[in-house]
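Chain and residue survey
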Amino acid sequence: MSSLQVLCSGLPLRPLPQNQGRWAGVPHAPVRTPGLSPMEEQLALRNALRYFPPDVQELLAPEFAQELRLYGHIYMYRFCPNIEMRAYPIEQYPCQTKAAAAIMHMIMNNLDPAVAQFPQELVTYGGNGQVFSNWAQFWLTMYYLSKMTEEQTLVMYSGHPLGLFPSTPGVPRLVITNGMVIPNYSSRTEYEKLFALGVTMYGQMTAGSYCYIGPQGIVHGTVVRYWPHLYKRVNPGRRMWQEIVDKAALVKRHQQGWLMEVTDSLDHCIERLREARKKKEVLSLGYHGNVVDLWEHLVHELDTTGELLVDLGSDQTSCHNPFNGGYYPVQLSFIEAQHLMASNPPAFKDLVQESLRRHISAINRLAKENFFFWDYGNAFLLEAHRAGADVAKKGANKTEFRYPSYVQHIMGDIFSQGFGPFRWVCTSRDPQDLAVTDQLATSVLEKAIADGVKPSVKLQYMDNIRWIREAAKHQLVVGSQARILYSDQKGRVAIAVAINQAIARGNIKAPVVLSRDHHDVSGTDSPFRETSNVYDGSAFCADMAVQNFVGDACRGATWVALHNGGGVGWGEVINGGFGLMLDGSPEVEHKARMMLSWDVSNGVARRCWSGNPKAYEIICQTMQENSGLVVTLPHDVTDECMLQQALQP
């Protein structure tokens, strides 16, 4: 078993580690089908071998070539570290600067098998959300981080550590870009080739920026953000079921406590749903099977008994990647689908699109009754529309379908008010430190309420106070000691300052990393999700996300990341994120105030300019409180007759 010191000592070459191949008993990424030409295969192999000196290339070349043929990518399984992969306490990492150790803590959390979807393929979540493209990149990155000083910055090109470059203490220690492909070549087909060549990768959102914290984030968003909007549509008592075709993933979620029960029987699913509704019982039930079968079974129950067993429905399928493991067609078993996906991609695509049409047909039948369906934001309705399913909405713009989007219609103006998913990680890995931060965050929000806030803000704060208390009670931590909540600019700054001061007093034992989901107020330009409620035509423009990345870097972020893809898919979105390490110093407190203010107000100002009245109100209030903020405000254009007359020939 390796140590962290060994892990940070560079690529293990003399001797080479033994090639263990793919591990048994853990989930693996689907086989990719990049369709490389012989010349491109040679280029992919050359690109992989350039990480290694000539004296080992002859040994590694046939091994890497076999990986390319078998799996469609060179992961370098031989170099998968022989260490318990998890986030270790920050003090255990060899480093010249604590910021580098904090980054290593976050990287290893993203690759922890308890957290990562396909750990040996370096995929954290979403089917293809890579932390790195191969294991050589991991080893080199850890080495560079261990040697980095406060006057160097590590530059990452789509998983590849370009190197350490001279900089100054006030700038980011790490700058990440993932998938920054020239727009005309940012297609799925080109992506598969470029990833196989080892020159780009899909970082999802928080996979490639090293800020993923496990299922807690998505559960928080569902419980706190959607439930208040949807509760009025549901009978008392809560039932939730989740469909998972991969049994290993189902077992993992059950063992971690996210699912109360699991079953592979459709009849048992129906029985438990009926029983839970009758008893008004809280239930989370995982079904091992294909969700289309379950939807169609619910339709059968409705048509034969007249009983509607479901009130609300959505779909979190990774339809950003529908033809390479993000969506499994109902016509095939899990194993059959994996084989066909690799052996005959066009036939697999046809079955996926046929399955999507069946999927929507069942939902449409239920929606004729008192059933409410919405798009969770992972391109489900977009791909269903492309498959020819009946999801069109008459008179709608091109970002709308017959069912609402959770940003567009359910969360509504929450981003426009500056609220979004703010999170932190206690690098001591001590649950007591997390408990202290929970108490600090709760106190900050309670004080804000006591001092007086608008009713809409008060409701948001109260929801999150309850969330923090319940999250601690239900032990929602997987991997690093992390917490998430939704907060606005004032709340984020106040929580950051409170935590930083607690570190200075010694109430928290080690630095705390602040971050957020890229799915946030300013972090993402995505016309079918985050910016779907921007109606001035700029929903397809990416200035906000790029400016946010640059602005965070200028204002003191410890690291910044900018990605193509994430959530909705490659070529469909530009998004970015940050990490900011709190160490208790006055300098970092100043950085937190500056950076977090920008990180929120950028997106609110953009939404203000696009005509959102709530964003207008928030930005005007913020300008009154901060004389350094001056934003161009739009004037109302309400005279429709004037517009029509001006455009007459």
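Fair warning: this is a prediction, and the values are worked out from it, not measured in the lab.

Along its length, the protein chain carries 22 helices and 16 strands. Relative to a compact globule of 649 residues, whose C-alpha radius of gyration would be 26 Å, the protein chain shows 25 Å and is just as compact. In terms of principal-axis extent, the alpha carbons of the protein chain reach across some 70 × 65 × 60 Å. Counting over 649 residues, the protein chain shows a buried share of 59%. Counted over contacts in the protein chain with a minimum sequence separation of 6, partners at least 24 positions apart contribute 71%. About 26700 Å² of surface is accessible on the protein chain, with carbon and sulfur atoms providing 54% of the total. Computed over 58 positive and 63 negative side-chain charges, the inter-centroid distance for the protein chain is 3 Å.

A few words now on the pattern of salt bridges. Tallying each qualifying case throughout the model produces 38 salt bridges. Residue Lys490 pairs with Glu625 through a salt bridge whose shortest N-O separation is 2.9 Å. Note that Lys490 is positioned in helix 18 (residues 489-505) and Glu625 in helix 21 (residues 613-625), a separation of 135 residues in sequence. One network of salt bridges, with partners in common, ties together Glu261, Arg272, Glu275, Lys279 and Glu281.

What follows is about the packing of aromatic side chains. In this structure the tally under the stated criterion is 24 aromatic pairs. Taken together, a centroid distance of 5.0 Å and an interplanar angle of 45° make the contact between Tyr328 and Phe334 tilted. Centre to centre, the rings of Phe401 and Phe528 are 6.3 Å apart; their planes meet at 20°, and the pair counts as stacked. Highlighted residues: Phe401 in the loop between helix 14 (380-386) and helix 15 (406-410) and Phe528 in the loop between strand 14 (524-525) and helix 19 (543-554), separated in sequence by 127 residues. Every member of this aromatic cluster is reached through a ring pair, and the members are Trp295, Phe371, Phe373, Phe380 and Tyr403. For Arg22, the ring lying beneath its charged end belongs to Tyr71, and the centroid distance is 4.0 Å.

It is worth spelling out the nonpolar core at this point. In terms of nonpolar packing, the biggest core is built from 150 residues, with Phe52, Phe64, Phe79, Phe138, Tyr210 and Trp424 touching the most fellow members. Discounting chain neighbours no more than four positions away, the residues touching Phe52 are Leu11, Leu13, Gln57, Leu60, Phe64, Met76, Phe79 and Ala136. Core analysis: the second largest hydrophobic core is formed by 41 residues, Leu308, Val330, Phe348 and Phe371 among them.

Checked against the element boundaries, Ser284 lands in strand 8 (residues 283-288). A distance of 2.9 Å separates a polar atom in the side chain of Ser284 from the backbone nitrogen of Met260.

What UniProt calls "domain: Urocanase N-terminal" (unreviewed entry) maps, in this numbering, to residues 85-211. In this annotation, residues 85-211 is assigned 28% helix and 18% strand; the end-to-end C-alpha distance for the span is 16 Å.

Let us look at the pairing of strand 11 (residues 420-426). Along strand 11, seven of the seven residues are buried, which leaves the element largely enclosed by surrounding structure. Note that strand 11 and strand 12 (residues 481-487) share seven bridges and pair antiparallel. Following the sheet pairing, Arg423 is matched in strand 12 by Ile484. Here five bridges tie strand 11 to strand 13 (residues 512-516), and the two strands are oriented antiparallel to one another. Within the sheet, the bridge partner assigned to Phe422 lies in strand 13 and is Arg516.

If you check which residues of helix 6 (residues 188-197) are buried, you get Tyr191, Glu192, Leu194, Phe195, Ala196 and Leu197. Looking at the buried positions of helix 6, the neighbouring elements they touch are helix 2 (38-49), helix 3 (54-71), strand 2 (129-130) and helix 11 (322-326). Looking one or two places after helix 6, you find Gly198, whose phi comes out positive at around 80°.

Okay, the packing of helix 16 (residues 431-451) against helix 18 next. As a packed pair, helix 16 and helix 18 sit with axes 9 Å apart at the nearest point and diverge in direction by 135°. With respect to helix 18, the axis of helix 16 lies oblique. The interaxial crossing formed by helix 16 with helix 18 has right-handed handedness. Contacts from Thr437, Leu440, Ala441, Val444 and Leu445 of helix 16 reach helix 18 at Gly491, Ala494, Ile495, Ala498, Ile499 and Ala502. For the contact of helix 16 with helix 18, the per-class residue count stands at nine nonpolar, two polar and no charged.

Every buried residue of helix 8 (residues 247-255) is accounted for by Leu250, Lys252 and Arg253. Down the axis of helix 8, the buried side of the element spans an arc of 160°, and every buried residue falls inside it. Residues of helix 8 that are exposed and point more than 90 degrees away from the buried face comprise Lys247 and Gln255. For helix 8, the side-chain oxygen to backbone nitrogen distance between the N-cap and Ala248 is 3.1 Å, and the N-cap itself is Asp246. A positive phi of about 95° marks Gly257, the residue just after helix 8.

The next subject is a nonpolar patch on the surface. Among the surface-exposed residues, Tyr157, Leu162 and Phe165 lie close enough to one another that they form a single nonpolar patch of about 280 Å² accessible area. Looking at where Phe165 falls in the secondary structure, it is placed in strand 4 (residues 160-166).

Going residue by residue along strand 5 (residues 174-178), you find Leu174, Ile176 and Asn178 tucked away on one face and Val175 and Thr177 left uncovered on the opposite face. Both strand 3 (residues 152-157) and strand 5 contribute to a ladder of four bridges, which runs parallel. Counterpart to Leu154 in the pairing with strand 5 is Leu174. Sheet topology places strand 5 next to strand 15 (residues 559-564); five bridges connect them, and they run parallel.

Turning to the environment of His297, a few remarks are in order. Locating His297 in the fold gives a position in helix 10 (residues 291-305). Sequence separation between His297 and Cys269 is 28 residues; the distance between their C-alpha atoms is 9.8 Å. Residues within four places of His297 in sequence aside, it is in contact with Leu266, Asp267 and Ile270.

What counts and what doesn't
Residues numbered from 1 in each chain as written. Predicted model: local features only at pLDDT ≥ 70, side-chain atom pairs only at ≥ 80, totals over all residues. Heavy atoms only, no water. Helix = DSSP H or I, 4+ residues; strand = E, 2+ residues; numbered from the N terminus. Rg over C-alpha atoms; globule rule 2.2 N^0.38 Å. Buried < 20%, exposed > 50% of the residue type's maximum accessible area, 1.4 Å probe, protein only. Contact = heavy atoms within 4.5 Å. Areas by Shrake-Rupley, 256 points an atom, 1.4 Å probe, with all protein chains shown as cover. Lys, Arg positive; Asp, Glu negative; His and termini not counted. Charge placed at Lys NZ, Arg CZ, Asp CG, Glu CD. Salt bridge = Lys/Arg side-chain N within 4 Å of Asp/Glu carboxyl O. Phe/Tyr/Trp six-rings, centres within 6.5 Å; stacked < 30°, edge-to-face > 60°. Lys NZ or Arg CZ within 6 Å of the ring centre and 35° of its normal. Core = buried A, V, L, I, M, F, W, Y, C linked by side-chain atoms within 4.5 Å. Polar contact = N/O pair within 3.5 Å; in protein donor to acceptor, adjacent residues only side chain to side chain. UniProt positions renumbered as here; feature names shortened; annotations may be inferred. Pairing = 2+ DSSP bridges. Axes fitted to C-alpha atoms, helices over the stretch in contact; angles between N-to-C directions. Parallel < 35°, antiparallel > 145°, perpendicular 65-115°, else oblique. Left-handed = near helix turned anticlockwise from the far one by under 90°. Nonpolar A, V, L, I, M, F, W, Y, C, P; charged D, E, K, R; others polar. Arc of directions from axis to C-beta. Patch = residues over 30% accessible without salt bridge, like charges linked within 9 Å, V, L, I, M, F, W, Y side chains within 5 Å.

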